Amino acid sequence: MMMDSVQQWLADLRWMTECECMSVLQSKSLTVHENNNVQTANTNGATSLHAKDQNNKKKQLIPKSVKEHIDVIRSRAHVVSSEFTKIFSKIEKDRWKHVTSRMLRIASHLRSLVHECDTAIPFNAPHVIWKQEEQLIENCNCLQNVATELMEINSTLPKKTPLLDQLTITGQIFGCLVDNVLGYLVQTIVDPIVCQSSAVAVKSSIIHLTDLAIDGEHMCFIVAREGGVRALLNICHNESIMTSWSHALRTLATVCCVPEAISELEKENGVELLTDLLNDSTLNETIRSEAAGVIAQITSPGLEQYQHLSGFLENIDDLVRSLTVLCVEASTTEVFLLGSAAVANITFMDSLSCDYLLQYHTARVLIEASLLNKAESIFSKDQVVTVLTNMAAMESCCHDITENNGIELLLHFLQERPHKYEADTEKSACERVQQKSAIALTRLSRLQENAQIIIACQGITRLVQLCRDSYERHNSDAVLVACLAALRKISASCGTKDFNPVDVQQLIRPKLLDSFLICSRLEESYV
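Values in this document were obtained by computation on a predicted structure and should not be read as measured data.

S.K.: Looking at this model, I keep getting lost on the packing of helix H7 (residues 160-195) against helix H10 (residues 228-235). Mind explaining?
M.R.: Axis angle and axis distance: for two packed helices, these are the angle between their axes and the distance between the axes, and together they describe the pair. The interhelical angle for the contact between H7 and H10, taken along N-to-C directions, is 30 degrees, at an axis separation of 9 Å. The angle between H7 and H10 places the two elements in the roughly parallel class. Considering how the two elements wind past one another, H7 and H10 form a crossing that is left-handed. Contact residues: Val190, Ile193 and Val194 in H7; Gly228, Ala231, Leu232 and Ile235 in H10.

If you want it as structure tokens, here you go:
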């Protein structure tokens, strides 16, 4: 209702145009001679079609036009998918008055999609694509015929099953066609990387792959399926194009957000390659930091198969050592973030990693880096506190944390306040820092001497504040529970003499759930 009615009609008309109405104009080619004189278009139908075929055979795709074609096809496909969703909803609700127009719109959108696919792919594209285009056009004709029959029905309701079957078949062909066309176009971007004919062509293709990977997980899946992961890894074996290594690794980290890409990386012994890059001190910091970024991505706890990463255990020693060195030598906060993120994710992979963290004094390195403001961003603090929290779970690592002033650093992290950050991602990271700091303090408080340090540093005051002041913890229940657990563990180790009697009555002695309800801002009445 906010748009002018004429403008809305023009916008709708764009998608409702019948492609066949323009087929004659599309088939007339304008050829340019070397003297820049334009030859008149041939009006003979057969000759025009022949000229079109010849032009298609000569058509050569370049990476830039390929990316544009991919964007257009994905946009068209999204429109078609939305129309399918709408028409199935209309049929389910028996709104047959709207079904006919929806079917005609779907047929029009599909023809437009086929036209875009014809424009995007050359004449020598795989035969299966042309076959699927023919099938899709045939199904569009069937949809139009069904729509015509529906318009002729007056009283009796049409049968749903044949219509649903026709729509389902059409949808399946549509999905296969889009997938095959996108795969073919992505392959044209990957090919220059595989050939490695020139550094310029490789760099250009890497840039376009990065743009595709940023568009979403589905494109990352297609890139991996079409050999993009293998091609990117092979770049790092070719020293003649070393200038492209960092770009290739960054693109690889972007693509490896889906299990299929990580599987391809495993098949190509990617973990071993990344370990070698991190261990090579002759390489510049940028390349090693990007390799760390890939490690951080493929070991992310959010991925389904991260615990079964092939080659990880065989290289965990070298990985922890080289990543620790990278954190020590990091010249920027960005490099430190990548290195510490990789270390943090590795601590989730296997408890064996804590032994190597202890061996290479990783806790001391991270704590010192935090004091030197290498971890000044809230995201870097999140990685540091993650490592300390996971190490604190191992009794053998607790001493390494405490002797390097780890408790003091954790209490300092507790002072972080989400409301001082503007972005939601920063606020979420701040909440995680508060929660993990409280968890680490809880684990360290198993030893009485550690609990005494927390009390001496006024840690109880901040923990109580986080429990009682929801504004300080950004209304986070996770932070509340972690702080309550820390207070209870400290009291269990050192007694309650250092606690305020009111805090003991409300935060220590009741059941955890009761204390949680006292501190949380729930409006429900519990009886």
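So much for the structure itself; the text now carries on.
S.K.: Can you help me understand the pattern of salt bridges in this one?
M.R.: Using the criterion set out here, one finds 21 salt bridges in the structure. One salt bridge in this structure joins Arg225 and Asp179, with 2.6 Å as the shortest N-O distance. Taken together, the residues span a long stretch of sequence, with Arg225 in helix H9 (residues 217-225) and Asp179 in helix H7 at a distance of 46 residues. Within this structure, Lys67, Asp71, Arg74 and Asp215 form a network of salt bridges that share partners.

S.K.: I would appreciate a short explanation of the packing of helix H8 (residues 199-214) against helix H11 (residues 245-255) in the present structure.
M.R.: Between H8 and H11, whose axes approach to 9 Å, the crossing angle comes to 20 degrees. The angle between H8 and H11 falls in the class roughly parallel. At the point where H8 passes H11, the crossing takes the left-handed sense. Residues Lys203, Ile206, Leu209, Thr210, Ala213 and Ile214 of H8 touch H11, and the partners they reach there are His247, Ala248, Thr251, Thr254 and Val255. Residue classes in the contact of H8 with H11 are distributed as six nonpolar, four polar and one charged.

S.K.: What's the story with the nonpolar core in this structure? I'm lost.
M.R.: Where a protein is soluble and globular, its nonpolar side chains tend to be buried together. With 155 residues, the main nonpolar core has Ile70, Ile73, Phe174, Ile235, Leu265, Ile298 and Leu487 as its most contacted residues. At 13 residues, H7 tops the list of elements feeding residues into this core. Discounting residues that sit within four places of it in the chain, Leu265 has contacts with Val229, Leu233, Leu252, Cys256, Gly270, Val271, Val294 and Ile298.

About the thresholds
- Residues numbered from 1 in each chain as written.
- Predicted model: local features only at pLDDT ≥ 70, side-chain atom pairs only at ≥ 80, totals over all residues.
- Heavy atoms only, no water.
- Axes fitted to C-alpha atoms, helices over the stretch in contact; angles between N-to-C directions.
- Helix = DSSP H or I, 4+ residues; strand = E, 2+ residues; numbered from the N terminus.
- Parallel < 35°, antiparallel > 145°, perpendicular 65-115°, else oblique.
- Left-handed = near helix turned anticlockwise from the far one by under 90°.
- Contact = heavy atoms within 4.5 Å.
- Salt bridge = Lys/Arg side-chain N within 4 Å of Asp/Glu carboxyl O.
- Nonpolar A, V, L, I, M, F, W, Y, C, P; charged D, E, K, R; others polar.
- Core = buried A, V, L, I, M, F, W, Y, C linked by side-chain atoms within 4.5 Å.
- Buried < 20%, exposed > 50% of the residue type's maximum accessible area, 1.4 Å probe, protein only.

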